[in-house]
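A look at the structure
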Amino acid sequence: EGEEHASWNKKHGTMVGNGFAWGQFSHTFSWLFKVTGLTPGSVYCVSTPSETTGADLYDAVVITCTNGCTINASGVGTCPDKGFKIVGNWLFGTKGMLSYNGLAGSD
């Protein structure tokens, strides 16, 4: 939440939002929709903002896709900054499972 992270936790110019969902969590959904070809139909989200900056820190999402598939995801933006992020994605379906996880560089 410090000034060194201002580009993540303060709105600038024409930005609509800030925080974890706007800055990082969106990458998970870009990957998911590209890999699966699914189309979201409805979305329910819960977010907890920082008391200091208002940026979202904790997010939980449930998406119902147009074909009936259900997606659930959660993310957190408060892990210690050690030069990487922990990423874990698992897709389960009637024909198997796909996982994509590990450490992603942040520097």
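Scroll up a little and you will see the structure.
Let me begin by describing the structure that accompanies this report. For clarity, every value in this text was computed on a predicted model and none was experimentally measured.

Once that is clear, we can look at the sheet that holds strand 1 (residues 40-49). One open sheet accounts for 3 strands, arranged 1-2-3; its pairing is antiparallel. With one partner strand each, in any of the chains shown, strand 1 and strand 3 (70-76) form the two edges of the open sheet. Across the sheet, the mean angle separating the axes of adjacent strands is 10 degrees when strand polarity is ignored. Pairing of strand 2 (residues 56-65) with strand 3, which is carried by 7 bridges, proceeds in the antiparallel orientation. Bridging across to strand 3, A60 finds its partner in S74. The strands touched by helix 2 (residues 20-36) within the sheet are strand 1, strand 2 and strand 3, with strand 2 carrying the most contacts at an inclination of about 30 degrees.

Basis of the calculations
Residues numbered from 1 in each chain as written. Predicted model: local features only at pLDDT ≥ 70, side-chain atom pairs only at ≥ 80, totals over all residues. Heavy atoms only, no water. Pairing = 2+ DSSP bridges. Helix = DSSP H or I, 4+ residues; strand = E, 2+ residues; numbered from the N terminus. Axes fitted to C-alpha atoms, helices over the stretch in contact; angles between N-to-C directions. Contact = heavy atoms within 4.5 Å.

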